[in-house]
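# Structural characterization, general
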Amino acid sequence: MGHRFAKLLSLLSFLTVATPVSAAWEDQVDWTWPSSKNPKVQSLGLYAVEVRCSPRGGSLEGVTNAWTGKTRSLLLLITKSVGTGTPAVDKLPSDAVGAVQAYSASSKDWTSYDYRHCKKDFLVAGSKLALVAVKNENDDPAGGPLGQFVSGLLGIVSPLFSFFTGQALPTEIASKITNLQSAADPFSKLLGALKSGSTQTRPVDVLRTGTYSYVTDYAAVSVTIRSIESIVLDRNPSFRDDLRAQVKAAPDKIDATKLKQSCLAARAGISDLGFRSTIDIAYGMIALAGKAGINKGQMLDCLSYPYAMAIAGRRDQNSLIWKDFLAEQKFGQDDIDRYLLPVDPSSTQPKFRVIASKVDDLVISLAQYARNNPHPQQAVDHLTTLLAEDIAVVDKTSDLVVGGNGSYKRFDLIKKLTAENTQPPPERRYIRFGCYEEAKDTTGLFIDGASSIFLVFKAKNDDTTVSFENVLAMKPGPDSKNITGLIVSSDRSWINKVLTNWNYVCGDFSIKRPT
């Protein structure tokens, strides 16, 4: 009580000589941004967003000693939309994929959370990203729901959490947040908390690589955005560490009894998450192999020759790769020579020139079957000849369009894909097929060995344009007789590469380019 009374006397003394803090409690300074010559953030890129804070104006007593009875907070949000989709001052975004708190300080209970030496890194998939500086003033004390929620959450969100935005909140994060009834969507809850009181925002979008700065009376925040080619090779080790942890926690797993199929699904799964680099996929596969407990020979078989060589060919493999794994997992060139044949994975399927006519027939027959009811007998006959009775499916779409990995009867698979039996039928279904071509490294040849790729579009029969988000990639797996397997993927980079080769036009309709 004596300490609180002394504090009160000190505040009364301060008020006799200090000017009350105005409603504009920090001078607003616009963002400074990198050169307009720097590359723009691309929708299919992978980027590090590195946030650093530094204090200005000494301690936060200028806030805690202000006779306002308010709590003031300064935050930075990384978001995919601003306001209602248009950059607007003093409007909270409708979503967020990352957040950093500089401070929360209160003149209501004279307490503060000071994070003005913040250092937080995020890995994000490029898209319509924006940075939003947020100042919030409300009646809760600094230790209230907003202050505790923000400080608790933002201290434990991992660097790759932003990259996996839209997925369920990891248990290790959810279990540490106790002030809100639900933490299933942490940033949504954060945005809800920020709606209390008065909020000022300053957004900047159409981002470029380089450094952005935002400076106020009490804090300076800098945000550096840079393109990443490989998580494993990147100078920021936190991304590699988090990749290993995320892969181990991922649902994709290696089944030693079905090694070939499960390894193919796992490689495609890691790639579909956005990890394009050969060495990133190899690193992730080693992590999965350790989780599955398979032996070295099985692990190498699972990796396949190109991925194993991506590791063995590096002089810095000990410091870069093997320091993160068990000693018994380590392999070298001798192990590769012992367990693997140096075979190009594309040779596991017939060359594209051999199967091109079969793929052409498949694409045409699928379109004829899907777009007509009753189904033309010609299409039924062709598909019966082209497709094996049982099709091994690797479903790598985020919403499991065909129901997940498994074995499907040929026409059950097609009906599942086209939602033929769904009632009521959806307005748009996957009934348009086209744009087939030879698979290359840029469309996953070294991931799955499939030598061809084609696209399927969610559309109406009479649509003349289709949005990029309504396109899937499909890769058939033929043997000497017919097609026995099919990979279904929503990999944006594969789809973009194919559409670019076709100038975003497939047959009688066009596809809207991603922005």
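In this text, all values refer to a predicted model and were calculated from it rather than measured experimentally.

Let us look at the state of the cysteines. Scanning all chains against the criterion turns up 3 disulfides. With a sulfur-sulfur separation of 1.8 Å, C53 is cross-linked through a disulfide to C118. When the S-S torsion is 75 degrees, as for the bridge of C53 with C118, the disulfide is right-handed. Taken as a pair, C53 in strand β1 (residues 46-55) and C118 in the loop between β4 (112-114) and β5 (119-125) lie far apart in primary sequence, 65 residues in all. The pair C53 / C118 is uniform in exposure class, with both members buried. Shown here is the disulfide that connects C263 with C302, its sulfur atoms set 1.9 Å apart. Taking the sign of the S-S torsion, about -115 degrees here, the bridge from C263 to C302 comes out left-handed. Placement of C263 in helix α7 (residues 259-272) and of C302 in helix α9 (residues 296-303) is noted, with a sequence separation of 39 residues between them. The residues C263 and C302 share a single accessibility class, namely buried. In the chain, the bonded cysteines, numbered by position in the sequence, are linked as 1-2, 3-4, 5-6.

Another point: the pattern of salt bridges. Under the criterion given, the structure shown has 16 salt bridges. Among the ionic pairs, D390 bridges to K409, the shortest N-O distance being 3.0 Å. Of the two residues, D390 is situated in strand β10 (residues 387-396) and K409 in strand β11 (residues 406-409); the sequence distance between them amounts to 19 residues. Residue D390 is classed as partly exposed on the basis of its relative accessible area of 36%. Overall, K409 belongs to the partly exposed group, its relative accessible area being 39%. What you see here is one network of salt bridges that share partners, running through E427, R428, K460 and D463.

What follows is about the sheet that holds strand β8 (residues 210-215). Taken in spatial order, the 4 strands of this open sheet run β5-β1-β9-β8, and their pairing is antiparallel. Two strands in the sheet have a free side with no partner beyond their single neighbour: β5 and β8. Across the sheet, the mean angle separating the axes of adjacent strands is 20 degrees when strand polarity is ignored. In terms of strand pairing, β8 meets strand β9 (residues 219-227) through 6 bridges, oriented antiparallel. Following the sheet pairing, T211 is matched in β9 by T224.

With respect to topology, 6 strands assemble into an open sheet ordered β11-β10-β16-β15-β13-β12, the strand pairing being mixed. A strand with exactly one partner marks an edge of an open sheet, and here the two such strands are β11 and β12 (429-438). Neighbour to neighbour, the strand axes of the sheet diverge by 30 degrees on average, direction disregarded. Sheet strands in contact with helix α14 (residues 377-386) are β10 and β16 (483-489), and its direction is about 80 degrees off that of β10.

The omega torsion of the bond from N373 to P374 falls at 10 degrees, within 30 degrees of zero and hence cis. By secondary structure assignment, the location of P374 is in the loop between α13 (352-371) and α14. Positive phi is not limited to glycine here, since S304 has a value of about 80 degrees. Tracing the backbone through its elements, the reader meets S304 in the loop between α9 and α10 (305-312). With relative accessibility at 14%, the residue S304 sits in the buried group. Within the chain, Y504 stands out as a residue other than glycine whose phi angle is a positive 60 degrees. With respect to the helices and strands, the residue Y504 is situated in the loop between α17 (492-501) and β17 (505-506). For Y504, a relative accessible area of 3% puts it in the buried group.

What counts as what
Residues numbered from 1 in each chain as written. Predicted model: local features only at pLDDT ≥ 70, side-chain atom pairs only at ≥ 80, totals over all residues. Heavy atoms only, no water. Disulfide = S-S within 2.5 Å. Helix = DSSP H or I, 4+ residues; strand = E, 2+ residues; numbered from the N terminus. Buried < 20%, exposed > 50% of the residue type's maximum accessible area, 1.4 Å probe, protein only. Salt bridge = Lys/Arg side-chain N within 4 Å of Asp/Glu carboxyl O. Pairing = 2+ DSSP bridges. Axes fitted to C-alpha atoms, helices over the stretch in contact; angles between N-to-C directions. Contact = heavy atoms within 4.5 Å.

In short, the description is geometric, and any link to function would need to be established separately.
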